Amino acid sequence: MDLSLTSIRDYMKGEESSVQTVDAFLKVMNPIHEAYQKQWYLNIANYMGNQYLSLDPTGSFRVPRAPSWRVRLVINKILPIARTIMAKLREQEPRMYSAPMSDEEADVEAAKLATKGAQSIYYSNDTQDSIDDIAAWQVLCGNGFSFTLYNEKAGTEITEVAKDATGQIILDPITGEPTTTKFKTGDVLIDIASPFEVVPDFSTTSWNEQQAMVRKKVRSIAYIKTRYGKDVKPEGINNEFIYDIKIANMASLSGRNTDITNTIKDSAIVKEMWSM
């Protein structure tokens with residue numbers, strides 16, 4: 001089946017499986033995403049002072065050979081300018097307000113509590129640390145992504161007396177004592193994703209018109225088992241998914257891309273799709 005930016009939405013509305021839908025979406029969007037990645041890598045290289053790095057005809061980053069008499073002096077003015085912009089973004093604080101659903105006192109009080117809760121989450125240490133990361137991605141690559149998730153295994157542990165469906169306390173058959181269950185209260189998780197991981201719907205430039213988004217992330221087999229309860233086999237990881245190692249390589253004058261296929265073992269690629 002031939003796919004294009006205009007047909008991908010009709011395909012997503014069909015009866016295909018979720019795996020087929022994700023693969024079809026990436027088949028169309030990946031080439032566009034990879035084209036943007038080259039510019040992002042070049043931006044990061046310039047930020048780090050490796051400003052002679054360029055793309056060769058094969059699509060790899062290299063530092064072209066120069067005559068022996070040429071002096072390659074680098075005065076990195078990009079770094080302080082980018083740091084200044086990051087600091088200004090970091091200082092901007094959003095105004096948080098939760099609107100009540102009605103004028104009733106219960107809804108008004110609930111809105112006040114929601115506002116306080118949002119402010120508490122924003123000013124927590126985890127959120128403040130994540131703001132630094134997303135500001136850096138925004139300045140260097142033009143965009144960054146923040147995923148607000150709920151971690152049911154975080155928070156305070158609570159021990160509660162176990163009860164059956166009728167509300168009766170369940171007793172231990174041996175000791176006769178009430179049995180207990182333990183659970184976590186859960187907590188909000190702020191997960192920052194770089195633009196290298198997220199493939200949006202490039203058929204539109206408006207966020208409100210986005211039909212879907214896919215996040216590609218390398219995860220360990222143990223993480224996948226814990227997070228999703230699935231047993232999967234390790235797979236080979238190519239350089240496309242390890243953007244941080246490629247960035248580290250660009251910090252050197254060689255600009256070579258280290259083959260990390262055998263470096264990361266017991267890992268697989270998790271593809272998560274959000275459909276609007």
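The rules behind the values
Residues numbered from 1 in each chain as written. Predicted model: local features only at pLDDT ≥ 70, side-chain atom pairs only at ≥ 80, totals over all residues. Heavy atoms only, no water. pLDDT = per-residue confidence, 0-100. Contact = heavy atoms within 4.5 Å. Patch = residues over 30% accessible without salt bridge, like charges linked within 9 Å, V, L, I, M, F, W, Y side chains within 5 Å. Areas by Shrake-Rupley, 256 points an atom, 1.4 Å probe, with all protein chains shown as cover. Salt bridge = Lys/Arg side-chain N within 4 Å of Asp/Glu carboxyl O. Helix = DSSP H or I, 4+ residues; strand = E, 2+ residues; numbered from the N terminus. Pairing = 2+ DSSP bridges. Axes fitted to C-alpha atoms, helices over the stretch in contact; angles between N-to-C directions.

Looking now at the confidence of the model for the protein. Here the protein shows a mean pLDDT of 81. Residues at 70 or above account for 84%. Confidence drops under a pLDDT of 50 for residues 252-257, and excluding neighbours within four residues, the segment shows 15 contacts in the predicted structure.

To continue, consider a nonpolar patch on the surface. Together, Val71, Leu73 and Ile75 make up an exposed nonpolar region whose accessible area comes to about 360 Å². Its location among the elements puts Ile75 in the loop between β2 (61-62) and α3 (78-91).

Below, the discussion takes up the sheet that holds strand β8 (residues 212-220). On the basis of which strands lie adjacent, the open sheet formed by three strands has the order β7-β8-β9 and antiparallel pairing. The sheet terminates laterally at β7 (198-200) and β9 (267-275), the two strands that pair on one side only. Strand-to-strand twist of the sheet, defined as the mean angle between neighbouring strand axes without regard to direction, takes the value 15 degrees. When β8 meets β9, the two strands line up antiparallel, connected through nine bridges. Looking at β9, one finds that Ser220 is bridged to Ser267. Of the strands in this sheet, β7, β8 and β9 are in contact with helix α2 (residues 18-47), which crosses β7 at around 95 degrees. In this fold helix α6 (residues 221-228) packs onto β8 and β9, with an angle of close to 125 degrees to the strand it touches most, β8.

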